[in-house]
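# Understanding the architecture of this molecule
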Amino acid sequence: MNSDQESRPATLPLSPRSVAAFFAPPGDIISITPHGRGLINDSYLVRRRRGEDFLLQRLNPAIFPQPEMLLGNLRLVSQHLGGKIAGAGAGKRHQAVRLLPARQGRDFHYDQEGNCWRALNFIGPSRVLSRIATEEQAGAAGSALGLFHAWLADLPVNRLADPLPAFHVTPWVLATYEQIAAARPEPAGAAGDQRFCRDFISRRRSSVAGLEQARARGILREQVIHGDPKLTNILFDRTEDRALALIDLDTIKPGLLQYDIGDCLRSCCNRAGEDPGDPAAVEFDLDLARALLAGYCQPMRPLLTRGDLACFYDAARLITFELGLRFFSDYLAGNCYFKADDPEHNLRRALTQFRLTASIESRERPFRLLMAELT
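Residues numbered from 1 in each chain as written. Predicted model: local features only at pLDDT ≥ 70, side-chain atom pairs only at ≥ 80, totals over all residues. Heavy atoms only, no water.

In a soluble, globular protein the nonpolar side chains are often hidden away together inside. If you look at the biggest cluster of nonpolar residues, it comprises 109 residues, and the most contacted ones within it are Leu 265, Phe 284, Leu 293, Tyr 296, Phe 312, Phe 328 and Phe 367. By residue number, the principal contributor to this core is helix H11 (residues 312-333), which donates 13 residues. Once residues lying within four places of it in the same chain are set aside, the contact partners of Phe 312 are Leu 257, Gln 258, Ile 261, Leu 293, Tyr 296, Leu 304, Phe 367 and Met 371. Counting residues in hydrophobic clusters, the runner-up holds 15 residues, among them Val 19, Ile 29, Val 46 and Ala 102. (Core = buried A, V, L, I, M, F, W, Y, C linked by side-chain atoms within 4.5 Å. Buried < 20%, exposed > 50% of the residue type's maximum accessible area, 1.4 Å probe, protein only. Helix = DSSP H or I, 4+ residues; strand = E, 2+ residues; numbered from the N terminus. Contact = heavy atoms within 4.5 Å.)

So, about helix H5 (residues 170-183). A rise of 1.5 Å per residue sets the reference length of H5, with its 14 residues, at 20 Å; its end C-alpha atoms lie 20 Å apart and thus fit the reference within 8%. Every buried residue of H5 is accounted for by Thr 170, Val 173, Leu 174, Tyr 177, Ile 180 and Ala 181. For H5, the angular spread of buried residues about the axis comes to 125°, placing them on one side. Opposite the packed face of H5, turned more than 90 degrees from it, sit the exposed residues Gln 179, Ala 182 and Ala 183. In the core, the buried residues of H5 are packed alongside helix H6 (192-204), helix H8 (257-268) and H11. (Expected span 1.5 Å × (residues − 1). Arc of directions from axis to C-beta.)

Right, let's talk about the confidence of the model for the chain for a bit. Scored by pLDDT, the chain has a mean of 91; 94% of the residues are at 70 or more. Mean pLDDT across the secondary structure elements of the chain bottoms out at helix H1 (residues 3-6), with 34, and peaks at helix H4 (residues 135-152), with 98. Within the model, pLDDT remains below 50 along residues 1-13, and this stretch shows 26 contacts once partners closer than five positions in the same chain are excluded. (pLDDT = per-residue confidence, 0-100.)

So, on to the sheet that holds strand S9 (residues 243-246). Strands sit in the order S6-S8-S9 across an open sheet of three strands; the sheet is antiparallel. On the outer flanks of this sheet lie strand S6 (126-127) and S9, each paired with one strand and no other. Bridge analysis of strand S8 (residues 234-237) against S9 gives three bridges, and the strand direction is antiparallel. What sits directly across from Phe 236, in S9, is Ala 243. (Pairing = 2+ DSSP bridges.)

Before going further, it helps to examine the packing of H6 against helix H12 (residues 345-362). The interhelical angle for the contact between H6 and H12, taken along N-to-C directions, is 45°, at an axis separation of 10 Å. One finds that H6 runs oblique with respect to H12. Crossing hand, H6 versus H12: left-handed. Residue-level inspection shows Asp 193, Phe 196, Cys 197, Phe 200, Ile 201 and Arg 204 of H6 in contact with H12, the latter providing Leu 347, Ala 350, Leu 351, Phe 354, Arg 355, Thr 357, Ala 358 and Glu 361. In the contact of H6 with H12, the residues fall into nine nonpolar, one polar and four charged. (Axes fitted to C-alpha atoms, helices over the stretch in contact; angles between N-to-C directions. Parallel < 35°, antiparallel > 145°, perpendicular 65-115°, else oblique. Left-handed = near helix turned anticlockwise from the far one by under 90°. Nonpolar A, V, L, I, M, F, W, Y, C, P; charged D, E, K, R; others polar.)

Shown next as structure tokens:
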């Protein structure tokens, strides 16, 4: 019997309030309400009378079949970050996500259906931005990611498990898409949006291996990465345009920091936001990119190689294309991975990312000139 099975109770209704009682006395809980719009896990804000408010989360078993692996990563990274923040005397400006204790000396709980639940400290007062409005906000987002990478630079990467081995390996994402697309050929008279996506992918399939080839040649090295540092995973102070913390650490893993900086650029440098009403409205904003990269490079400059910096454009283009691939693949597969508001939602998401990819490609020369200015 594995440790997962040993820790699962025999009887517990699948109810957030029932589960919360394993992390706080029932009489101390004021309210439990859904929190955020995460695409993978279910989250609830638990308000307490006396103790610390916290986030209660159910990890999606379809995405994280070995939850204790990612919980181990979170323990290791949060402890390391906490030490760095304390050592820098930055505890009033920066915070680290941490697991809260449950009963029986654990920091997680399984319900009778095998779902893994955890409690995380609630960082506040804070806010999440749906889109970047100013260069100051972009700089703060870049600085948050730069500090995250700098503080974790001396954490040996081999101490982390890899809960998602193929995550951010674009050739693998492309191969997965091609299997799905082959099993679901385009129907006669298919809508123009689906045809656009298939053609867009086909024209770029030969250019997806750049970062992996650089890794194989030793130009890029594996480090501890966040894995999903999009704008909505950066907590901002409620009254100031400064970042408090990176959250949603489930995708922490060994990887290329280029995937992180590319994802941050992708989500922060598009003033239309991640989910605009019209995908054609998206545009990659170089002024926001300049501010974000300046904020990122300030804490990271001593740690970046010429090879690292040379790959930043490719990272922004490739991770945007990769996310479009993932959204379109999920649309073709029946919307079984990302939560969707309607059957066409993931198609619109894919269109947004592909339009943004094209916008980044159209700005390759000024982007590379910008990198030269910063270095």
